[in-house]
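So you can see what is in the structure, the chains are spelled out below.
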Amino acid sequence: MNTAPNSPVNLHEHARAAQAALGEAAWAYFSGGAADEHTLRRNEAAWQAWGLAPRVLRNLRGGHTRCQLLGRDWPMPLLVAPMALQRWAHADGEAGMALASAAQGCGMVLSHQSSTPLQDVARLVVAEQGRGPLWFQLYAMQERDALRALIAQVEAAGFEALVLTVDAPVNGVRDGERRHGLALPEGVHAVHWQPQAASGQSLCGGLADAAPTWADVQWLIGQTRLPVLLKGITHPQDAREALALGAAGVIVSNHGGRVLDTMPATAELLPRVAEAARTQRADALVLVDGGIRRGSDLFKALALGADAALLGRPALYGLAHAGARGAAHVLRLLRDEFEATLALTGCARVADIHPDLLWRLDPLRAAAPHP
Ligand SMILES: Cc1cc2nc3c(=O)[nH]c(=O)nc-3n(C[C@H](O)[C@H](O)[C@H](O)COP(=O)(O)O)c2cc1C
């Protein structure tokens, strides 16, 4: 891939360009994690606890990154994670992110807290040939009539699955937001749903009453013809329960370290959850996110049991400093790195990725920060 001089050559450089482009409050919101950010850092570091153990001299002819999931072809086993308020990062917002992901053959999950109407986002990309899947994420489950109406709009617009996020019944405590507040620019707000925390309620003062439960999951599955995935599953027993209720799959996620600090990294949690999910139901879909910054991280996610992965902050960083083109560049870099990793480990296709191609490294080395 040719890049102009000075343009970022990796996802870390996109992060630096975003920091330079964003104001302090926006940078704190987009980049920050909960409390002391142990989980945020651990998510990235944990992929480096695994080394790649390549096989050589294999036939790589006709290699590609396609896979078949949820009854359709995916050009690439990667989606952009649901992330709120993308028009705060750049005027291109969710529309730009959707165009970028479609252009790069990646999927996208639109957040319940999108700052762009879901119909506008869908209209831009649903007819695109070669795009990845378009999914919609939900948080709140309380106002049933409003939810029914929203689900009908999501289905009519052409979204292909619903993702219910279950790991953030209340906001995490983030120092960056305590310091700067959520100072949204004029005209930027969540157009489909505003979190209740805005009302200043406390947890014991009723906020947790709105937190979704297993009964809400069952209700949701009964309301839609779309497959439902639960995002924020990290315990094997929760994965079993989700699948027993009829969820199509689970997303192993700790919300990018933004909610409950000192949770283990998703790379550490993934193998047990994937095993439990597939034992419960062989066709269960298992996805993962958190700390993926290199194509080799994506490869490791698949080798540890995921069918596909989601990319969070780096896609926003590309968007923040260069709009849709920046987000597309981030996805393209990751895609190129993933293709190189496939070929260099002796895999012609995604289905060839296997745990045997990983090697557990010395934990002390894994703790070293990236340059
Ligand atoms: C700024 C920001 C906003 C987010 N908003 C949402 C959201 O609206 N819904 C959701 O399910 N997850 C949300 N997340 C979590 C992401 O979907 C994802 O789990 C996480 O960012 C993955 O980790 P990574 O950023 O290290 O790739 C958000 C993350 C960030 C950074």
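Up top is the structure these notes are about.
Residues numbered from 1 in each chain as written. Predicted model: local features only at pLDDT ≥ 70, side-chain atom pairs only at ≥ 80, totals over all residues. Heavy atoms only, no water.

A. Expanded view of the overall build of the chain. Across its full length, the chain carries 14 helices and twelve strands. For the chain, the C-alpha radius of gyration of 19 Å lies close to 21 Å, the compact-globule estimate for 371 residues. For the chain, the C-alpha atoms occupy an extent of roughly 60 × 50 × 45 Å along the three principal directions. With 371 residues in all, the chain has 56% of them scored as buried. Within the chain, residue pairs in contact and separated by at least 24 positions form 78% of the contacts whose partners lie at least 6 positions apart. Working note: accessible area of the chain is about 16,200 Å², and carbon and sulfur atoms make up 52% of it. (Helix = DSSP H or I, 4+ residues; strand = E, 2+ residues; numbered from the N terminus. Rg over C-alpha atoms; globule rule 2.2 N^0.38 Å. Buried < 20%, exposed > 50% of the residue type's maximum accessible area, 1.4 Å probe, protein only. Contact = heavy atoms within 4.5 Å. Areas by Shrake-Rupley, 256 points an atom, 1.4 Å probe, with all protein chains shown as cover.)

B. Geometry of the environment of Trp88. Following the sequence through the fold, Trp88 ends up in helix 4 (residues 86-89). The spatial distance from the C-alpha of Trp88 to the C-alpha of Phe30 is 9.4 Å, given a sequence separation of 58 residues. Excluding anything up to four places from it in sequence, Trp88 contacts Leu22, Ala25, Ala26, Tyr29, Phe30, Leu182, Ala183, Leu184, Pro185 and Val188.

C. Quick peek at the packing of helix 3 (residues 38-47) against helix 11 (residues 266-280). Taken N-terminus to C-terminus, the directions of helix 3 and helix 11 make an angle of 70°; their axes are 8 Å apart at the nearest point. Comparing the axis directions of helix 3 and helix 11 gives the class roughly perpendicular. Contacts between helix 3 and helix 11 involve Arg42, Asn43, Ala46 and Trp47 from the former and Thr266, Ala267 and Glu268 from the latter. (Axes fitted to C-alpha atoms, helices over the stretch in contact; angles between N-to-C directions. Parallel < 35°, antiparallel > 145°, perpendicular 65-115°, else oblique.)

D. The site of the ligand, seen in detail. Within the structure, the ligand sits among 22 residues, and Pro82, Ser111, Thr165, Asp289 and Arg293 are positioned closest to it. In the model, an oxygen atom of the ligand is placed 2.7 Å from a nitrogen or oxygen of the Ser111 side chain. Between the ligand and Asp289, the relevant distance is 2.7 Å, taken from an oxygen atom to a side-chain nitrogen or oxygen of the residue. In the complex, the protein chains occlude 99% of the 610 Å² of accessible area that the ligand would expose alone. (Near = heavy atom within 4 Å. Polar contact = N/O pair within 3.5 Å; in protein donor to acceptor, adjacent residues only side chain to side chain.)

E. The arrangement of unusual backbone geometry in detail. Residue Leu70 is not a glycine yet carries a positive backbone phi of 50°. With respect to the helices and strands, the residue Leu70 is situated in the loop between strand 2 (67-69) and strand 3 (72-74). Backbone geometry places Thr262, a non-glycine residue, at a positive phi of 75°. Mapped onto the elements of the fold, Thr262 is located in the loop between strand 9 (249-252) and helix 11.

F. A look at the pairing of strand 8 (residues 228-231). Burial along strand 8 is two-sided: the residues Val228 and Leu230 and Leu229 and Lys231 are all buried. Here strand 7 (residues 161-165) pairs with strand 8 via four bridges, running parallel. Of the residues in strand 8, the one forming a bridge with Leu164 is Leu230. Here strand 8 runs beside strand 9; their pairing, made up of three bridges, is parallel. (Pairing = 2+ DSSP bridges.)

G. Local environment of the sheet that holds strand 7. What the eight strands build is a closed barrel, ordered 4-5-6-7-8-9-10-11; its pairing is parallel. Geometrically, the sheet is characterised by an average inter-axis angle of 25° between neighbouring strands, direction not taken into account. Here helix 13 (residues 313-344) sits on the sheet and contacts strand 4 (78-80) and strand 11 (308-311); the angle it forms with strand 11, its principal contact strand, is near 155°.

None of this, on its own, says anything about what the molecule does.
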